[in-house]
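Chain by chain, the residues run as shown.
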Amino acid sequence: MHPLYTYIIQSLSGLYPDLEVKALAKGILTDVFGFSAVDLYAGKDRNFSTKEREKLEDILSRLKRFEPFQYITGETFFLGHPFYVTHDVLVPRPETAELVEWIVRDYASQEGLRVLDIGTGSGCIAVSLARLLPRSSVLAWDVSEAALSVARRNAARNGVNVECVRVDVLSHIVAMPDADIWVSNPPYIREQEKASMDRNVLDWEPGLALFVPDNDPLLFYRKIAELGSKHLSSSGVLYYEINQAYGRETVELLRSMGYRNVELRKDLSGNDRMVKAERP
Ligand SMILES: C[S@@+](CC[C@H](N)C(=O)[O-])C[C@H]1O[C@@H](n2cnc3c(N)ncnc32)[C@H](O)[C@@H]1O
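These numbers come from a predicted model, not from an experiment.

Attention shifts here to the domain arrangement of the chain. Each domain of the chain was delimited in the assignment, giving domain 1 (3-64) and domain 2 (75-278). Just the C-alpha atoms count here: the centres of domain 1 and domain 2 sit 34 Å apart.

This is how it looks when you write it as structure tokens:
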């Protein structure tokens, strides 16, 4: 094993689970410093400049403060494709990829769909749907202009068109688009859950993307469903990523608003995570 690999492991040991420390050590040396995995495991030496050494120390000190590795490198992969991430956007999660896969399976044979992604963040959902649904037109909303600029860069990076517009979905919206699919992974963590959250999320990811008031955890789901019941196309479908603690409540909310064929699904970890519902 390369001595730098061992050095990184020693520096981070005890701060993260062992497997994660190993993954970080490999990620730092291969993704950031361009080591090949073979050279790394063979312990093959290569010149490591003073500048590289300084950069490594900077990365380690940021990891010691639990900054997510994706923010340090400025990018991540979602459904196998590269996405820029900054502190203005949530790091895309694997559960969200499962939601995108559900939509793509449902609409595999259809072309020219109109899609609206509400709370687009990095644009991971919007950009992936633009890439995977042939000839679709995709509109992405977010209240954060900084997030929208990341989403625009990600659309360009992945070679797709996504129209990114600043909209506060909780306020009065003047122009509602016609769309066949509405998808949203809105903020859904209650303030009271902060106490049990990992520091890498709590200290570093944008609060605007995460939290809802304790007394109204379904705030975004209700508001978006209200708009959808009037403005989704007549055969339109709503897809949500949800808080695992609120599967039943979200389903009941949508049924009570007249949505049809409401379906709740679990993610790969077995938690209630996604809901699909047809327009009333
Ligand atoms: C949980 S993040 C999801 C980001 C991305 N769609 C994903 O799945 O990784 C929620 C997003 O909703 C945005 N947001 C928060 N409040 C909003 C509002 N009132 N109107 C529109 N977007 C909002 C946040 O800026 C954030 O980007």
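If you check the shell around the ligand, you find 19 residues, and the closest are Gly119, Asp142, Asp168, Asn185 and Ala209. At 2.6 Å from an oxygen atom of the ligand is found a side-chain nitrogen or oxygen belonging to Asp142. When the ligand is considered free in solution it has 600 Å² of accessible area, and contact with the protein chains removes 96% of it. Cavity membership is defined here by more than half of the atoms lying within 2 Å of grid points; on that basis the ligand lies in the largest pocket. Listed by contribution, the elements that provide at least two residues to the shell around the ligand are helix 7 (124-132) and helix 10 (207-210). Residues of the shell around the ligand, tallied by class, amount to 12 nonpolar, five polar and two charged.

Moving on: the packing of helix 6 (residues 94-106) against helix 7. Relative to each other, helix 6 and helix 7 sit at 30°, their axes nearing to 10 Å. In this view, helix 6 runs roughly parallel relative to helix 7, as classed from their interaxial angle. Helix 7 is crossed by helix 6, and the crossing has right-handed handedness. Where helix 6 abuts helix 7, its residues Thr96, Val100, Ile103 and Val104 lie against Cys124, Ile125, Ser128, Leu129 and Leu132. Of the residues belonging to the contact of helix 6 with helix 7, the class tally is seven nonpolar, two polar and no charged.

Scanning the entire structure with this criterion turns up 20 salt bridges. Across the pair Arg248 and Glu249 runs a salt bridge whose closest N-O atoms are separated by 3.8 Å. The shortest N-O distance in the salt bridge between Glu252 and Arg248 comes to 3.4 Å. You can see Glu252 and its partner Arg248 sitting in helix 12 (residues 247-256), four residues apart, about one turn around the helix. Note on Glu252: relative accessible area 42%, which makes it partly exposed. What emerges from the salt-bridge pattern is a single network uniting Asp58, Arg62 and Glu67.

For the rest of this paragraph, the subject is the nonpolar core. Grouped together as the largest cluster of nonpolar side chains are 35 residues, with contacts concentrated most on Trp141, Trp182, Leu238, Tyr240 and Leu254. Among the secondary structure elements, those contributing two or more residues to this core are strand 3 (114-118), strand 4 (137-142), strand 6 (179-184), strand 8 (211-212), helix 11 (219-231), strand 9 (232-241), helix 12 and strand 11 (272-278). For this core, the element with the highest residue contribution is helix 11, accounting for five residues. Trp182 has contacts with Leu116, Ile118, Met176, Ile224, Leu227, Gly228, His231, Leu232, Val237, Leu238 and Tyr239, leaving out every residue within four places of it along the chain. Grouped together as the second largest cluster of nonpolar side chains are 31 residues, Leu113, Ala126, Val183 and Tyr239 included.

Parameters at a glance
Residues numbered from 1 in each chain as written. Predicted model: local features only at pLDDT ≥ 70, side-chain atom pairs only at ≥ 80, totals over all residues. Heavy atoms only, no water. Domains from an automatic or database assignment. Near = heavy atom within 4 Å. Polar contact = N/O pair within 3.5 Å; in protein donor to acceptor, adjacent residues only side chain to side chain. Areas by Shrake-Rupley, 256 points an atom, 1.4 Å probe, with all protein chains shown as cover. 1 Å grid on protein atoms, 1.4 Å probe; cavity = no way out; pocket = protein on both sides within 12 Å on 5 of 7 lines; lining within 4 Å. Sits in = over half its atoms within 2 Å of the grid points. Helix = DSSP H or I, 4+ residues; strand = E, 2+ residues; numbered from the N terminus. Nonpolar A, V, L, I, M, F, W, Y, C, P; charged D, E, K, R; others polar. Axes fitted to C-alpha atoms, helices over the stretch in contact; angles between N-to-C directions. Parallel < 35°, antiparallel > 145°, perpendicular 65-115°, else oblique. Left-handed = near helix turned anticlockwise from the far one by under 90°. Contact = heavy atoms within 4.5 Å. Salt bridge = Lys/Arg side-chain N within 4 Å of Asp/Glu carboxyl O. Buried < 20%, exposed > 50% of the residue type's maximum accessible area, 1.4 Å probe, protein only. Core = buried A, V, L, I, M, F, W, Y, C linked by side-chain atoms within 4.5 Å.

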